[in-house]
Amino acid sequence: MKKKKKWIWISLLILILIVFGLQQYYVYVTQDQRQEEALAIQAAKDQIAITSPDELRKYVWGGKEGDDNIYWTMTAKNKDNQNIMVWVKFDMNNQPVQGTGGVHSELIQNGMSETQIRSRFASDVPGGEIKRIMPGVVNNIHVWQVYYKADTHTYYRFYRFSNGEQVDLVYTVPNS
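These numbers come from a predicted model, not from an experiment.

**Student:** Give me the lowdown on the environment of Tyr171, citing residues and values where you can.
**Tutor:** Here Tyr171 lies in strand β8 (residues 166-173). Sequence-distant contacts of Tyr171, defined by excluding residues within four places in its chain, comprise Trp61, Thr154, Tyr155 and Tyr156.

Okay, here's the thing in structure tokens:
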């Protein structure tokens, strides 16, 4: 009986060490992303005085010049307690862009909601299965990016955040 207890305690200790090791590995692997999130929130607070940041998402899309456009998007409240959508542009060194064009915001009530974009998409692409919708920037236009499957392909389609008009860009993802 004594030997059995000893092995139970040893097994429990090994399990605790494994769980602790996995948790530390997760913290290490995600530290860059958490740092970028914090920088995006701080840039938005500094430049447009947001409060209550929520729904942070990283958006990366290749630009015409071959460089990636990197943005962190979020919903928040402005100083007048109105709901806004915020785009924080990052440079290639994973730092927020300072000055004009670094942080952009629009009142959510003046733009299209995700629900409205879903409706618009359903009428544009009957039978299309949406995989993801997220705010982003393409060709310097603040958009909703819709990633979807139709027939045997997957696509990206873009709608202007301000009025829901489709941007003349539909990108087909090659089949693998």
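Additional details are given in the paragraphs that follow.
**Student:** Summarise a nonpolar patch on the surface; cite the residues concerned and give the values.
**Tutor:** Taken together, Trp7, Ile10, Ile14, Ile18 and Leu22 make up a surface patch of nonpolar side chains, about 510 Å² in accessible area. Inspection of the secondary structure puts Trp7 in helix α1 (residues 2-48).

**Student:** Could you give an account of the sheet that holds strand β2 (residues 68-77), with specific residues and numbers?
**Tutor:** Spatially, the four strands line up as an open sheet ordered β1-β2-β3-β4, and their pairing is antiparallel. Of all strands in the sheet, those with a lone pairing partner are β1 (51-62) and β4 (103-107), marking the two edges. For this sheet the average axis-to-axis angle between neighbouring strands, irrespective of direction, equals 20 degrees.

**Student:** Just give me the short version of the domain arrangement of the chain, but keep the residues and values in it.
**Tutor:** Interface size is commonly expressed as the accessible area that is lost once the parts come together. On domain assignment, one finds that the chain holds domain 1 (31-110) and domain 2 (114-173). Here the C-alpha centroids of domain 1 and domain 2 sit 20 Å apart. Facing 14 residues of domain 1, the contacting portion of domain 2 comprises 17 residues. A buried area of about 1,400 Å², summed over both sides, lies between domain 1 and domain 2, and 65% of it is on carbon and sulfur atoms. Across the contact surface, domain 1 and domain 2 share zero salt bridges. By residue number, the principal contributor to the side of domain 1 that touches domain 2 is β1, which donates four residues.

**Student:** For the environment of Asp54, give the residues involved together with the corresponding values.
**Tutor:** Residue position: Asp54 is located in strand β1. Each C-alpha atom, one on Asp54 and one on Leu107, is 15 Å from the other, the two residues being 53 residues apart in sequence. Residues contacting Asp54, with those up to four places away along its chain left out, are Met74 and Thr75.

**Student:** For the pairing of strand β7 (residues 153-160), give the residues involved together with the corresponding values.
**Tutor:** Two faces make up the sheet, and in a regular strand the side chains alternate between them. By the criterion of burial, β7 is predominantly enclosed, with six of the eight residues buried. Across eight bridges, the pairing between strand β6 (residues 141-150) and β7 is antiparallel. The residue bridging Tyr148 from the neighbouring strand is Tyr155, located in β7. Turn length for the β6-β7 hairpin, with the two strands adjacent in sequence and antiparallel, is two residues, and the turn residue Asp151 shows positive phi of about 60 degrees. As defined by bridge partners, β7 adjoins β8 across five bridges and the pair is classed as antiparallel. Across the sheet, residue Tyr156 finds its bridge partner in β8, namely Tyr171. Counting the residues in the hairpin turn of β7 and β8 gives five residues, including Gly164, whose phi is positive at 80 degrees.

The rules we used
Every chain is numbered on its own, with residues counted from 1 as its sequence reads. Whole-chain, interface and lining totals are the exception, using all residues; otherwise, since this is a predicted model, local features are given only for residues with pLDDT of at least 70 and side-chain atom pairs are given and counted only at 80 or more. Side-chain measures were taken over the full set of non-hydrogen atoms in the model, leaving aside hydrogen atoms and water. Strands are runs of DSSP state E lasting at least two residues, helices are runs of H or I lasting at least four, and both sets are numbered from the N terminus onward. Contacts between residues were defined by any pair of non-hydrogen atoms, one from each residue, lying within 4.5 Å. Patch rule: a residue counts if its relative accessible area is over 30% and it has no salt bridge; like charges are joined within 9 Å, and nonpolar side chains (Val, Leu, Ile, Met, Phe, Trp, Tyr) within 5 Å. Surface accessibility in these figures is a Shrake-Rupley result with a 1.4 Å probe; residues are shielded only by whichever protein chains are displayed. By salt bridge we mean one thing: a side-chain nitrogen of Lys or Arg within 4 Å of a carboxyl oxygen of Asp or Glu. Two strands qualify as a pair provided DSSP detects at least 2 bridges between them. The axes are straight lines fitted to the C-alpha atoms, using for helices just the contacting stretch, and the angles between their N-to-C directions are given from 0 to 180°. Domain boundaries shown here were taken from an automatic or database domain assignment. Accessible-area loss on putting two parts together, using a 1.4 Å probe and summing over both, is the definition of buried area adopted here. For every residue, the accessible area (1.4 Å probe, protein chains only) is compared with the maximum for its type, and the residue is labelled buried under 20%, exposed over 50%, or partly exposed between those bounds.

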